[in-house]
Amino acid sequence: MDVLRPTLININGRMYRRNTIKEEHYEEEDCSFMGPTESEDATDETCDTHFIEQTDKGYRCAIDVPSVLYNPSTDWRPVQGVPCLRRSQLGWAPAPPATLVGIKRCIENGWMDTFRYIIGKKGETRKRLEFDTKTSISIPKQGVEGQIVITGSYKSAVSSAVTRVEVLVENFRKKQPFTHFLSFPLNDSKIQEGFLTFKDEVLQQCSQDHGVEGSIFQNPAKLHLTVGTLALLNGTEVRKACEHLQECEKFIRDITGGKPLQLEVTGIEYMNDDPAMVDVLYAKVNIKDRSDKLQVIADRLVEHFVSTGLMTREWDRVKLHGTVMNTLFRKDSTVEDTGGTGRQATSEREAFDARNILKKFGAYCFGGFELNTVLLSQRYSTDSTGYYSSAGSINFS
């Protein structure tokens, strides 16, 4: 990492620099710290997103932290192909159907190694936080959902500990596969019909080309545009994401004039720079009046969710594309391409030759339809229509 350009972490709209520290450089230094004086405490920057109350013994702050970071027994989530599972002392066991969404293949994605993220091995992380900030950190007992309570003699010390915990949460979140994504559905019946015709004609005319086979085509019921992805760690965060989506309704309706957008899905394009070695082929989506309203809405949505800390910005602008063919589907038809992390490495994917497809179907028209909604979609899920289950939505009209 370039020390002059450290990683930036967005926590509730506040930006922090994350500097790499090699702790062994400080082993022989005096690490004693008596805490700030009363005058220093009065001038230090304090946490502006959590209420820090004064008590008879000093200061106290209670913060909501997803229990997956400190309490494995309350961590529930589904695994692909089986009912919802939870981790208990007996291993992974079926969970009630009402439990909230989570993450596919928990073990493969390394979740087992990140339990008790705030406590740390033998409590080391917690002890280090308490030592560095001269505070006491109270964490709910195993099997209990609750708040983490931080107490200390000085307000600035408590504020510092709160920030350190927030940084731990954000670092943890960035390492997790996403659980939800904002989407514009393209599963209108006319678009699905056009897609199925496209699939049939491609297989009839181009199946002799390397890597072209039926397994790499998208599920027509799940055609969509991805706006952005989110790793939501518990039900509280899912509810917050729904609330933040509702906050976007006004500016979306201002852009659309309170009317649905008339879209057309015409033409195909590929992701990489070699048409003979393609992993993703996508359909181009435009508004019939050629305005940029859809792009503006997508960019504003990402901007809003990034400001909340629930989404990480990946690009300057959202690349709106409707995936129609993806080599991720070749080995696992249930893998869902939503433009986020957790994908197979490029070396594990068998690319296909798209040159003939581009030549014969470059201007293919899938159809037109009215887009009237943006959804908070749940990854690895299916609703009654065959599309992704929705945790929240807003309409354009």
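Check the entry above for the structure.
Treat the numbers as computed from the prediction; the structure is a model and nothing was measured.

(A) Quick peek at the pairing of strand β10 (residues 180-185). By the criterion of burial, β10 is predominantly enclosed, with 6 of the 6 residues buried. The alternating pattern of β10 places His 180, Leu 182 and Phe 184 on one face and Phe 181, Ser 183 and Pro 185 on the opposite face, and all of these are buried. Taken together, the 6 bridges between β10 and strand β11 (residues 224-230) define a ladder with antiparallel strand orientation. Residue pairing across strands places Ser 183 opposite Thr 226, the latter belonging to β11. Here β10 pairs with strand β16 (residues 373-378) via 4 bridges, running antiparallel. The partner of His 180 across the bridge, within β16, is Gln 378.

(B) Molecular detail of the packing of helix α2 (residues 124-133) against helix α3 (residues 155-174). It is at 9 Å that the axes of α2 and α3 come closest, and there the two elements cross at 145°. Crossing hand, α2 versus α3: right-handed. For the pair α2 and α3, the contacting residues are Thr 125, Leu 129, Asp 132 and Thr 133 in the first and Ala 157, Ser 160, Ala 161, Arg 164, Val 165 and Leu 168 in the second. Split by residue class, the contact of α2 with α3 holds 5 nonpolar, 3 polar and 2 charged.

(C) Layout of the sheet that holds strand β3 (residues 53-55). Reading across from one edge, β3-β4-β9-β8 is the order of the 4 strands in this open sheet, with antiparallel pairing throughout. Pairing within the sheet leaves two strands with one partner each, and these edge strands are β3 and β8 (135-138). Adjacent strand axes in the sheet meet at a mean angle of 25° when their direction is disregarded. For β3 and strand β4 (residues 58-63), the ladder comprises 3 bridges, and the chain directions are antiparallel. In the strand pairing of β4, Glu 53 is matched with Arg 60.

(D) Quick peek at the packing of helix α6 (residues 249-256) against helix α7 (residues 293-308). The interhelical angle for the contact between α6 and α7, taken along N-to-C directions, is 165°, at an axis separation of 10 Å. As far as their axial angle goes, α7 and α6 are roughly antiparallel. For the pair α6 and α7, the crossing hand works out as right-handed. Where α6 abuts α7, its residues Phe 251, Ile 252, Ile 255 and Thr 256 lie against Lys 293, Val 296, Ile 297, Arg 300 and Leu 301. When grouped by side-chain class, the residues that make up the contact of α6 with α7 number 6 nonpolar, 1 polar and 2 charged.

Analysis parameters
Positions within a chain are numbered from 1, following the residues in the order the chain's sequence is written. The predicted nature of this model means local features are confined to residues of pLDDT at least 70 and side-chain atom pairs, given and counted, to a pLDDT of 80 or more, with totals for whole chains, interfaces and linings taken over all residues. Heavy atoms from the whole structure form the basis of all side-chain values; hydrogens and water molecules are not counted. Using a 1.4 Å probe on the protein chains alone, a residue whose accessible area is under 20% of its type maximum counts as buried, one over 50% counts as exposed, and one in between counts as partly exposed. Runs of E in the DSSP output that reach at least two residues are strands. Runs of H or I that reach at least four are helices, and both are numbered from the N terminus. Pairing between two strands requires that DSSP report at least two bridges joining them. Fitted lines through C-alpha atoms serve as axes, helices being fitted only where they are in contact, and the angles separating the N-to-C directions of these axes extend from 0 to 180 degrees. Throughout, a crossing is termed right-handed when the near helix is turned clockwise from the far one, and left-handed when it is turned anticlockwise from it by less than a right angle. We call two residues contacting when some pair of their heavy atoms lies within 4.5 Å. Gly counts as polar in this scheme, as do all residues outside two lists: the nonpolar Ala, Val, Leu, Ile, Met, Phe, Trp, Tyr, Cys and Pro, and the charged Asp, Glu, Lys and Arg. Each angle gets one of four labels, with under 35 degrees taken as roughly parallel, over 145 as roughly antiparallel, 65 to 115 as roughly perpendicular, and the rest as oblique.

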